[in-house]
Amino acid sequence: MSKKKNRKRLTGWARTKEYPHKKHPATYHRKGSNEIEYITFTHSKEVDFGKKGKVRTIPLLDNISPLEREKNKKYGKNRSYAYPRVFIGKRSALGKETDEFNPVDSDKEYIKKMFEVFPRE
């Protein structure tokens, strides 16, 4: 009988628990056993942090959710925007793994570049 191996995913999608905004989609890259870097996404062109002020977000070509891309065909374009920071934290900062997000191929390359270019926080 073979043993089942519990392998941790190196990349994936989940929703944020609290920071920078609650229950927004995020993609992460694992950097250590529990250390990750992640980028969050929203539908807003600007994010208002109250006293910290407003932050302009970076538009993607399409929505990161295939389900919402289908809705867009009927009701008009609703794209996703990336918050312009790469957050460094623990895997516990994000919720359960989800497969409801899958950006179009051109946005996947764009997101990969964001991990290289965006400032860390």
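What you see is a predicted model; the values in this text were computed from it and never measured.

S.K.: Give me the lowdown on the overall build of the protein chain, citing residues and values where you can.
M.R.: When its secondary structure is counted, the protein chain shows 2 helices and 9 strands. Starting at the N terminus and walking to the C terminus, you meet the elements of the protein chain as β-β-β-β-β-β-α-β-β-β-α. Projected onto its principal axes, the C-alpha positions of the protein chain cover 55 × 40 × 25 Å. Burial statistics for the protein chain: of 121 residues in total, 38% are counted as buried. Sequence-distant contacts in the protein chain: of pairs separated by 6 or more residues, those separated by 24 or more amount to 61%.

S.K.: So what's going on with the environment of T11? Which residues, and what values?
M.R.: Relative to the helices and strands, T11 is located in strand β1 (residues 11-16). Dropping the residues within four chain positions of it, T11 is found in contact with Y28, H29 and E97.

S.K.: Tell me about the nonpolar core, and name the residues and values.
M.R.: Generally speaking, soluble globular proteins have nonpolar side chains that are buried together. Ranked by size, the top nonpolar core spans 12 residues in total: W13, I39, F41, L60, I64, A82, V86, F101, I111, M114, F115 and F118. At the level of elements, β3 (35-42) and α2 (105-117) are the ones that each hand at least two residues to this core. The element best represented in this core is α2, accounting for 3 residues. Discounting chain neighbours no more than four positions away, the residues touching F118 are I39, I58, Y83, P84, R85 and V86. A14, A26, V55 and F87 belong to the second-largest nonpolar core, a separate cluster that totals 10 residues.

S.K.: Can you break down the packing of aromatic side chains residue by residue, with the values?
M.R.: Per the stated rule, a full pass over the model turns up 4 aromatic pairs. Each ring, one from W13 and one from F41, has its centre 5.4 Å from the other, and the planes form 35°; the classification is tilted. On the criterion of sequence distance, the pair formed by W13 in strand β1 and F41 in strand β3 is long-range, its members being 28 residues apart. As far as burial versus exposure is concerned, W13 and F41 are alike and both buried. A connected cluster of aromatic rings, assembled from ring pairs, spans W13, F41 and F101.

S.K.: Please give an account of the pattern of salt bridges that cites residues and values.
M.R.: Scanning all chains against the criterion turns up 11 salt bridges. Of the charged contacts, one joins E46 and R56 as a salt bridge, the two residues approaching to 3.8 Å between their closest N and O atoms. Taken as a pair, E46 in strand β4 (residues 46-48) and R56 in strand β5 (residues 54-56) lie far apart in primary sequence, 10 residues in all. Members of the salt-bridge network, linked through shared partners, are K31, E37 and R120.

S.K.: Let's hear about the side chain of T40: which residues, and what values?
M.R.: You can see T40 is positioned in strand β3. A relative accessible area of 0% places T40 in the buried class. Setting aside chain neighbours within four positions, we find T40 in contact with T16, P20, H21, P25, A26, Y81, A82, Y83 and F87.

About the criteria used
- Residues numbered from 1 in each chain as written.
- Predicted model: local features only at pLDDT ≥ 70, side-chain atom pairs only at ≥ 80, totals over all residues.
- Heavy atoms only, no water.
- Helix = DSSP H or I, 4+ residues; strand = E, 2+ residues; numbered from the N terminus.
- Buried < 20%, exposed > 50% of the residue type's maximum accessible area, 1.4 Å probe, protein only.
- Contact = heavy atoms within 4.5 Å.
- Core = buried A, V, L, I, M, F, W, Y, C linked by side-chain atoms within 4.5 Å.
- Phe/Tyr/Trp six-rings, centres within 6.5 Å; stacked < 30°, edge-to-face > 60°.
- Salt bridge = Lys/Arg side-chain N within 4 Å of Asp/Glu carboxyl O.

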